[in-house]
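Remarks on the overall topology
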Amino acid sequence: MEYIKENLDLVRENIKKACDRINKDSDDIVLVAVTKTIDEMIVNESLKYDITDIGENKVQEVQRKYDLIEKPVKWHLIGHLQRNKVKYIIDKVDLIHSVDSERLAEEINKKAMGINKVMDILIQLNISKEETKFGLERKELDELILAISKMSNVRVRGLMTMAPYYENPEEARWIFKKMKETFEELSNNDYNNIQMDYLSMGMTNDYIVAIEEGANIVRVGTGIYGARDYSK
Ligand SMILES: *Cc1c(COP(=O)(O)O)cnc(C)c1O
């Protein structure tokens, strides 16, 4: 698994350099290793290189891998979540990145209440609207925040976005800027359960630009584990 160590070293060096450029401590960046489609044996091997956080985009994959992962890690659900599947992951994941409706937040609240947990979530925004990706538009955000502010077992910890894939990641920079602006706008609010701590943006192709624009969670899969094989 030497290639994983080399890949990780490079990603961490890139994170460090990007942080240096904006005078930020790279310890403040959470690197989520995206393990989707990656065999649990490989994931377990990779954990010896100080991976603390892993991200999966499918509920079934979290369920399947949960007991197979041998070290304590934080679990991030980064993909679209259907309401009828909340019950399968509510006791397993530490942060849900992809909340984009009141009905989903309500279901999370209900299921979290059932196990006496306060579930940390991010609200997923869709800034570019170029591709049909999941996420709310900016103008729908305040209403959702207001609704969630009344929920006892959900805590908003920040925002997430997924930029479209551009060959040149500079093309995504305005999206990350807009996210950061929105993040700042929401930072001063009076709700106890709305805390703007995390800005989750940037994937293998664009995490450097995302960090330069203020991301403090980046979600990197290919850049750590190599190209995914979806045929299996
Ligand atoms: C797959 C995925 C990633 C990681 O993508 P890479 O390009 O492999 O780094 C990040 N975020 C989400 C939501 C994903 O589904």
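Shown above is the structure to which this text applies.
Report follows, based on the coordinates. (Residues numbered from 1 in each chain as written. Predicted model: local features only at pLDDT ≥ 70, side-chain atom pairs only at ≥ 80, totals over all residues. Heavy atoms only, no water.)

Description of the environment of Asn-189
- Along the chain, Asn-189 falls in the loop between helix H7 (173-187) and strand S7 (194-200).
- Within the structure, Asn-189 has its side chain in polar contact with the backbone oxygen of Leu-186 (distance 2.8 Å).
- One polar contact links the side chain of Asn-189 to the main-chain carbonyl oxygen of Ile-194, over a distance of 3.2 Å. (Helix = DSSP H or I, 4+ residues; strand = E, 2+ residues; numbered from the N terminus. Polar contact = N/O pair within 3.5 Å; in protein donor to acceptor, adjacent residues only side chain to side chain.)

Side note on the layout of surface pockets
- Considering only enclosed or pocket space, the largest pocket measures out at about 730 Å³ in volume.
- Forming the walls of the largest pocket are 31 residues, and the residues nearest its centre are Lys-36, Asn-57, Ile-78, Met-162 and Met-203.
- Going through the elements one at a time, helix H3 (59-66) and strand S8 (217-220) are the ones with two or more residues in the lining of the largest pocket.
- Its residues assigned to classes, the lining of the largest pocket shows 14 nonpolar, ten polar and seven charged. (1 Å grid on protein atoms, 1.4 Å probe; cavity = no way out; pocket = protein on both sides within 12 Å on 5 of 7 lines; lining within 4 Å. Points joined across faces, edges and corners; volume = space filled by probe spheres on them. Nonpolar A, V, L, I, M, F, W, Y, C, P; charged D, E, K, R; others polar.)

Brief notes about the site of the ligand
- Taken together, Val-34, Lys-36, Ile-78, Met-162, Met-203, Thr-204, Arg-219, Val-220, Gly-221, Thr-222 and Arg-228 make up the full set of residues near the ligand.
- Between an oxygen atom of the ligand and a side-chain N or O atom of Lys-36, the distance comes to 2.7 Å.
- In this structure, an oxygen atom belonging to the ligand sits 2.5 Å away from a side-chain N or O atom of Thr-222.
- A total of 390 Å² of accessible area belongs to the ligand in isolation, and the protein chains cover 91% of it.
- In a pocket analysis with a 2 Å cut-off to the grid points, the ligand is assigned to the largest pocket.
- Its residues assigned to classes, the shell around the ligand comprises five nonpolar, three polar and three charged. (Near = heavy atom within 4 Å. Areas by Shrake-Rupley, 256 points an atom, 1.4 Å probe, with all protein chains shown as cover. Sits in = over half its atoms within 2 Å of the grid points.)

Some details on the nonpolar core
- Formed by 67 residues in total, the largest nonpolar core has its most connected members in Ile-96, Ile-108, Ile-123, Ile-148 and Leu-159.
- By residue number, the principal contributor to this core is helix H1 (residues 2-21), which donates six residues.
- In contact with Ile-108, not counting residues within four places along its chain, are Leu-81, Val-86, Ile-90, Ile-96, Val-99, Met-119, Ile-121 and Val-154.
- Judged by nonpolar contacts, the second largest core, of five residues, contains Leu-95, Leu-122, Met-160 and Ile-217. (Core = buried A, V, L, I, M, F, W, Y, C linked by side-chain atoms within 4.5 Å. Buried < 20%, exposed > 50% of the residue type's maximum accessible area, 1.4 Å probe, protein only. Contact = heavy atoms within 4.5 Å.)

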